[in-house]
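The primary structure of each chain is shown beneath.
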Amino acid sequence: MTYFLTSSSCVPDSPALNPANGFVDELRKALPDPCRALFVASDPGNTERTERFAGSIRTGFELTGFRFDHYQVLDGRNGEQCAALVAGADLLILAGGHVPTQNRFFHDIALREKLKGFDGVVMGISVGTMNCEELVYAPPELEGEAVDPNYRRFYPGLGLTKHMIFPHFQETRYEVVDGLPTLESSLLPDSMGRKLYAMVDGSYLLGREGREELRGEAYLIQDGVLTQIGREGEVIPL
């Protein structure tokens, strides 16, 4: 399996795939032409949003020159077909959305089990990337979560990578939820005894043949300290 764990797969204000840091070139190497794609929803019950997002991502691939034998959607309407749909795909696209919602869906359809032996390409987008982790870190995102004493921040994930990733860092480092700054109230204190890798849009984690590397601008948050570890165009082995 080869996996591309992105913050965002697209260029700003366009569905076209972002070529920064060799992303499109590496995808071309990894995928057959044409390929069979499966778009996996973040919210299994929000059909309208899923279809719109899936269509936008398909358009982005096609604008960049990729072709599909077929392009299917996996959500709450056909979750019982997960095994067959995964087995029939060359590319799995894991949508962005809300971490806990998508995490529940992945567990409901036993996606981690279905990925065993999968020899294709997985592309995570934002939350889809976060749910690829062995232990998923989900800081508060929606109003009410930051002040909820029962809000859960860690979940078992798909286990593609052991690294915890935080996407859209060019924006989320300044995010405020329930009046609390996410960086100071969640990321820095939650990094005590842990490593969090924060990526900006256009950067991604590439995993293949048992090796992983960060490509592009990235930051390490560890023991309450934020350090830039990668810049645009750089490759950082993990």
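Since the model is a prediction, treat every value here as computed from it, not as a measurement.

J.: In this structure, what is going on with the sheet that holds strand β15 (residues 225-230)? I would like to understand it.
T.: Backbone hydrogen bonds are what pair the strands of a sheet, in a parallel or an antiparallel way. Spatially, four strands are ordered β8-β11-β14-β15 in an open sheet, and the strand pairing comes out mixed. Looking at strand neighbours, the two that pair on one side only are β8 (164-166) and β15, the edges of this open sheet. For this sheet the average axis-to-axis angle between neighbouring strands, irrespective of direction, equals 30°. Strand contacts of helix α8 (residues 182-190): β8, β11 (195-199), β14 (218-222) and β15, with the helix running at about 70° to β14, the strand carrying the most contacts.

J.: Help me understand the sheet that holds strand β13 (residues 211-215), please; the structure alone is not making it clear to me.
T.: The sheet built from eight strands is open, its strands ordered β3-β2-β4-β5-β1-β12-β13-β16 with mixed pairing. Either end of the sheet is taken by a strand with one partner, and the two such strands are β3 (68-74) and β16 (235-237). On average, adjacent strands in this sheet sit at an angle of 20° to one another, irrespective of strand direction. One ladder, built from four bridges, connects strand β4 (residues 91-94) with strand β5 (residues 121-125); its direction is parallel. Residue pairing across strands places I93 opposite M123, the latter belonging to β5. Relative to the sheet, helix α1 (residues 23-30) contacts β1 (2-6), β5, β12 (204-208) and β13, its axis offset from that of β1 by approximately 155°.

J.: Please explain the environment of S9 as it appears in this structure.
T.: Inspection of the secondary structure puts S9 in the loop between β1 and α1. The exposure class assigned to S9 is buried, which follows from its relative accessible area of 1%. Once the C-alpha coordinates of S9 and L188 are considered, the two residues, 179 residues apart in sequence, prove to be 26 Å apart. Ignoring sequence-local partners within four residues, the contact set of S9 consists of A16, L17, N18, F23, I57, M123 and I125.

J.: Sorry if this is basic, but what is going on with the pairing of β13 here?
T.: Looking down a regular strand, the side chains alternate between one sheet face and the other. A large share of β13 lies buried, amounting to four of its five residues. In this structure, the hairpin formed by β12 and β13 is closed by a connection of two residues, where E209 is found at a positive phi of approximately 50°. Pairing between β13 and β16: three bridges, direction antiparallel. Bridged to L214 within β16 is I236.

J.: What should I look at first to understand the pairing of β11 in this one?
T.: Counted residue by residue, β11 has four buried out of five residues, so it is predominantly covered. Relative to β11, β8 is paired through three bridges, and the arrangement is parallel. Among the inter-strand pairings, F166 is bridged to a residue of β11, identified as A198. Pairing of β11 with β14, which is carried by five bridges, proceeds in the antiparallel orientation. By the bridge assignment, L196 is partnered in β14 with I221.

Scoring rules and cut-offs
- Residues numbered from 1 in each chain as written.
- Predicted model: local features only at pLDDT ≥ 70, side-chain atom pairs only at ≥ 80, totals over all residues.
- Heavy atoms only, no water.
- Pairing = 2+ DSSP bridges.
- Helix = DSSP H or I, 4+ residues; strand = E, 2+ residues; numbered from the N terminus.
- Axes fitted to C-alpha atoms, helices over the stretch in contact; angles between N-to-C directions.
- Contact = heavy atoms within 4.5 Å.
- Buried < 20%, exposed > 50% of the residue type's maximum accessible area, 1.4 Å probe, protein only.

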